[in-house]
Amino acid sequence: MRLLLFLFLAAPLAAQPSADAIVDAWLADLRRASAGVGRIEADEAAVWTVDGPRRLLEVEADGVLIWGDARPEREVDRLLVDGQRVDARRAGAAVDRWQRAFGPASREVLRPQSLPGRLLARGEPVESAADVYEGQRAWRVTFGRGGHAWFTRSAASPRLLAVRLEGEREGGRDGRQRGESGRLVREVRYVRVRGMDLPASAETRFTVRQRRRLREYFVTLTATAGYSRHVVR
């Protein structure tokens, strides 16, 4: 009887794969599915906001996000600033102004969304646990430097459901001199396309503490984006 009870209690533990096993299995599937792929494109619909003591600024941008051998590239086709249509060619100038005003915070919020392969390959998975993500049974993998990833409960061929990163960020050299620091939270959800898990939506929030003329206040930068019509070349 004691042996049967021990086996009953131990069975769920044996069925749960380790964090390393889950990530390694996902990376192996990614390598097979991405063999021969040179370029991936997706339509991007993004909204960026700045909420501070002075005003709320909202920017809408529609275009195409391109993942290739280098860093992701964003091509903007339509740009609205506070509801007013502006020339999409001015998107680069707008990004430059944000970076000068908010430093590393704006770069984190505005930068194009990356594919998850490099992030998970460089991460340090330390723990796995049974969980539920948006109603779906999942394995939650915790990484050593903070952050979590959710996978479907398949030990042999798990799908990536989402990645969540959060933590404190310094304001860079110039930002530290101005007394700036902030907290970043980013969550990305994924969709399976031709055997690869590609971004379907992303939400980023960066709350920055700034000091100006002996005053301290907070500015929140946010970015939400949806990705559709993925094309694998």
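Every value quoted in this text rests on a predicted model; they were computed, and no experiment measured them.

Criteria and thresholds
- All chains use their own residue numbering, which begins from 1 and follows the written sequence.
- It should be noted that, the model being predicted, local features are given only for residues of pLDDT at least 70 and side-chain atom pairs only at 80 or more, the latter also being counted only at that level, while totals for whole chains, interfaces and linings use all residues.
- Excluding hydrogens and water, the side-chain values take into account all heavy atoms of the structure.
- Helix numbers and strand numbers start at the N terminus; a helix is a DSSP run of H or I with at least 4 residues, a strand a run of E with at least 2.
- Relative accessibility thresholds used throughout: buried, under 20% of the residue-type maximum; exposed, over 50%; partly exposed, between the two (1.4 Å probe, protein chains only).
- Residue contacts are defined here by distance: any two heavy atoms, one from each residue, within 4.5 Å place the two residues in contact.
- Accessibility throughout is a Shrake-Rupley quantity obtained with a 1.4 Å probe, and a residue counts as covered only by protein chains that appear here.
- Stacked, edge-to-face and tilted are the three classes for Phe, Tyr and Trp ring pairs, Trp counted by its six-membered ring, which pair at centre distances within 6.5 Å; planes under 30 degrees apart are stacked, over 60 edge-to-face, the rest tilted.
- Placement of a charge over a ring requires the Lys NZ or Arg CZ to be within 6 Å of the ring centre, with the centre-to-atom vector within 35 degrees of the ring normal.
- Note on definitions: salt bridges are taken to be side-chain nitrogens of Lys or Arg within 4 Å of carboxyl oxygens of Asp or Glu.
- Here, a strand pair is defined by DSSP locating no fewer than two bridges between the strands.
- The criterion is simple. A nonpolar core is a set of buried Ala, Val, Leu, Ile, Met, Phe, Trp, Tyr and Cys residues joined through side-chain atoms within 4.5 Å.
- As a per-residue measure, pLDDT reflects the predictor's confidence and takes values from 0 up to 100.

(A) Spotlight on the overall build of the protein. A count of helical and extended segments in the protein gives six helices and eleven strands. Within the protein, buried positions represent 42% of all 233 residues. Long-range contacts, defined as pairs at least 24 residues apart, comprise 51% of the intrachain contacts of the protein with a sequence gap of at least 6. Roughly 13,700 Å² of accessible area belongs to the protein as shown, and the carbon and sulfur atoms make up 50% of that amount.

(B) Structural detail: the packing of aromatic side chains. Under the criterion given, the structure shown has three aromatic pairs. Between Y133 and W150, the ring centres sit 5.0 Å apart and the planes meet at 35°, which makes this aromatic pair tilted. Here the residue Y133 occupies a position in strand 5 (residues 125-133), and W150 occupies one in strand 7 (residues 148-152), the gap between them amounting to 17 residues. Here W150 falls in the buried class, since its relative accessible area comes to 9%. Against the face of W139 rests R153, its NZ or CZ located 5.1 Å from the ring centre.

(C) Here's a closer look at the pattern of salt bridges. For the coordinates displayed, the defined rule picks out 17 salt bridges. The partner of R183 in a salt bridge is E166, and the shortest N-O contact between them spans 3.0 Å. Separated by 17 residues along the polypeptide, R183 in strand 9 (residues 181-193) and E166 in strand 8 (residues 160-170) bring together distant segments of the chain. By sharing partners, the salt bridges in this structure join E134, R164, E166, R183, E187, R189 and E203 into a single network.

(D) Fine view of the pairing of strand 2 (residues 56-67). The pairing of strand 1 (residues 40-51) with strand 2 spans twelve bridges and is antiparallel. By the bridge assignment for strand 2, V47 is matched with E60. If you look at the hairpin formed by strand 1 and strand 2, you'll find four residues sitting between the two strands. The pairing of strand 2 with strand 3 (residues 73-81) spans eight bridges and is classified as antiparallel. Within the sheet, the bridge partner assigned to I66 lies in strand 3 and is E73. Where strand 2 folds back onto strand 3 in an antiparallel hairpin, the turn is made up of five residues.

(E) Fine view of the nonpolar core. Ranked by size, the top nonpolar core spans 48 residues in total, and within it F151 and L160 carry the most contacts. Examining the composition of this core, we find that seven residues originate from one element, strand 11 (residues 215-232), more than from any other. Setting aside chain neighbours within four positions, we find L160 in contact with W26, P116, L120, A149, W150, F151, Y190 and D197. Y133, A138, L161 and A162 belong to the second-largest nonpolar core, a separate cluster that totals five residues.

(F) Representation of the side chain of D29 within the structure. Mapped onto the elements, D29 comes out in helix 2 (residues 19-34). For D29, a relative accessible area of 12% gives the class buried.

(G) Summary view of the environment of Q84. Structurally, Q84 can be placed in strand 4 (residues 84-86). In this structure the C-alpha to C-alpha distance between Q84 and E60, which are 24 residues apart in sequence, comes to 9.6 Å.

(H) Structural detail: the confidence of the model for the protein. Residues with a pLDDT of 70 or more make up 84% of the protein, whose mean pLDDT is 85. Overall, residues 1-14 carries pLDDT values under 50, and its contacts beyond four positions in sequence, including any with other chains, amount to zero contacts. Note that pLDDT drops below 50 for residues 172-179; the model gives that stretch eight contacts with residues more than four away or on any other chain.

(I) Just unusual backbone geometry, in detail. At R194, a residue that is not glycine, the phi angle is positive and equals roughly 50°. By the element assignment, R194 lies in the loop between strand 9 and strand 10 (196-212). On the basis of relative accessible area, R194 is assigned to the exposed category, the value being 59%. Positive phi values are uncommon outside glycine, yet R229 reaches one of about 50°. Tracing the chain through its elements places R229 in strand 11.

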